[in-house]
Amino acid sequence: NAGVMQNPRHLVRRRGQEARLRCSPMKGHSHVYWYRQLPEEGLKFMVYLQKENIIDESGMPKERFSAEFPKEGPSILRIQQVVRGDSAAYFCASSPRQNNEQFFGPGTRLTVL
Amino acid sequence: GQQVMQIPQYQHVQEGEDFTTYCNSSTTLSNIQWYKQRPGGHPVFLIQLVKSGEVKKQKRLTFQFGEAKKNSSLHITATQTTDVGTYFCAGTMHQTGANNLFFGTGTRLTVIP
């Protein structure tokens, strides 16, 4: 049973470009979470999705950030018009149900030049 | 806003010494989870505590959940170099009832051989 997959593992973008981060949850998991981690800091919750629905996006910046989890295919975290402050590691996690342990992917390390 | 603090932020121990990290929440938690993140890696789930006053053990690791469900601790007996990493607690806030995990600030453990 493959774990949570994230790609790309490393992404470099120039200011103003778009970044698309992909996350394939573990087989059988319908709950997906996205977190952001700055160097030497903890993980900050961004958004929680269940197939085709955004359940909680209270941690997501109101502008430039969006997330989806379509019926088919991976979950996508999209950052438009990236700025240097968006540079961070973005982790996706999945779980089979609510209030359960979360399985983390390897993360995407975004660098904005 | 809701906060989950951990102390200490850093801990250096000689191999064989014990280690404890403490987690404190500003609000009552529904449950608490503990994760370990190796340098350059992703968080890996260790355990979940749900009941007030609960104590769980995993080999050399002992986890406690406070009576008021606002604090928790992780104790490692006789540390080994494989214990190196950052330990995060993460809680679901009782008042929100959502599956939104608030991660603590983390304790980075260094074990000196």
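Residues numbered from 1 in each chain as written. Chains lettered and ligands numbered in written order. Predicted model: local features only at pLDDT ≥ 70, side-chain atom pairs only at ≥ 80, totals over all residues. Heavy atoms only, no water.

> Is there a simple way to think about the interface of chain B and chain A in this case?
Size of an interface, as often reported, equals the accessible area lost when the parts are brought together. On the chain A side, the residues contacting the 21 residues of chain B number 23 residues. Between chain B and chain A, roughly 1,600 Å² of surface is buried when both sides are summed, and carbon and sulfur atoms account for 45% of that area. Our enumeration of links across chain B and chain A arrives at zero salt bridges. Linking chain B with chain A are three residue pairs in polar contact (both at pLDDT 80 or more). Of all the secondary-structure elements, those providing two or more residues to the side of chain B that touches chain A are strand 4 (29–37), strand 5 (44–49), strand 9 (85–93) and strand 10 (101–103) of chain B. Looking at the side of chain B that touches chain A, the element that brings in the most residues is strand 4 of chain B, giving four residues. (Contact = heavy atoms within 4.5 Å. Buried area = accessible area lost by both parts, 1.4 Å probe. Salt bridge = Lys/Arg side-chain N within 4 Å of Asp/Glu carboxyl O. Polar contact = N/O pair within 3.5 Å; in protein donor to acceptor, adjacent residues only side chain to side chain. Helix = DSSP H or I, 4+ residues; strand = E, 2+ residues; numbered from the N terminus.)

> What should I look at first to understand the state of the cysteines in this one?
Between two cysteines, a covalent bond joining their sulfur atoms is known as a disulfide. All names here are of chain A. Enumeration according to the criterion identifies two disulfides over all chains in this entry. Each sulfur of the disulfide joining C23 and C92 lies 1.7 Å from the other. On the sign convention where negative is left-handed, the bridge of C23 and C92, at about -45 degrees about the S-S bond, is left-handed. Pair noted here: C23 is in strand 3 (residues 19–24) and C92 is in strand 9 (residues 88–95), with a separation of 69 residues, a long-range link. Residue C23 shares its accessibility class with C92, and that shared class is buried. (Disulfide = S-S within 2.5 Å. Buried < 20%, exposed > 50% of the residue type's maximum accessible area, 1.4 Å probe, protein only.)

> Help me understand the pairing of strand 8 (residues 71–76) of chain B, please; the structure alone is not making it clear to me.
In regular strands, side chains alternate between the two faces of the sheet. Residues and elements named next belong to chain B. Direction of pairing for strand 3 (residues 19–25) relative to strand 8: antiparallel, over a ladder of six bridges. Residue pairing for strand 8: Y22 is matched across the bridge by S73. Note that strand 7 (residues 61–65) and strand 8 share five bridges and pair antiparallel. Its bridge partner lying in strand 8, F63 is registered against L74. From the end of strand 7 to the start of strand 8, which pair antiparallel, there are five residues, and K69 there has a positive phi angle of about 55 degrees. (Pairing = 2+ DSSP bridges.)

> Please clarify how the pattern of salt bridges should be interpreted in this entry.
Should the charged atoms of two oppositely charged side chains come close, the side chains can pair. Evaluation of the coordinates by the stated rule reveals five salt bridges over all chains. For D86 of chain A, the salt bridge identified is with R64 of chain A, shortest N-O distance 2.7 Å. Here D86 of chain A, found in the loop between strand 8 (75–79) and strand 9, pairs with R64 of chain A, found in the loop between strand 6 (53–56) and strand 7 (65–68); they are 22 residues apart in sequence, far enough to count as distant. We classify D86 of chain A as buried; its relative accessible area is 3%. Among the salt bridges present, the one from D83 of chain B reaches R60 of chain B, with a minimum N-O distance of 2.9 Å. One end of the pair, D83 of chain B, is in the loop between strand 8 and strand 9; the other, R60 of chain B, is in the loop between strand 6 (55–58) and strand 7, with 23 residues separating them in the sequence. Overall, the relative accessible area of 5% leaves D83 of chain B in the buried class. Its relative accessible area of 22% is what places R60 of chain B among the partly exposed residues. Each member of the salt-bridge network shares a partner with another, and the members are E18, R20 and R78 of chain A.

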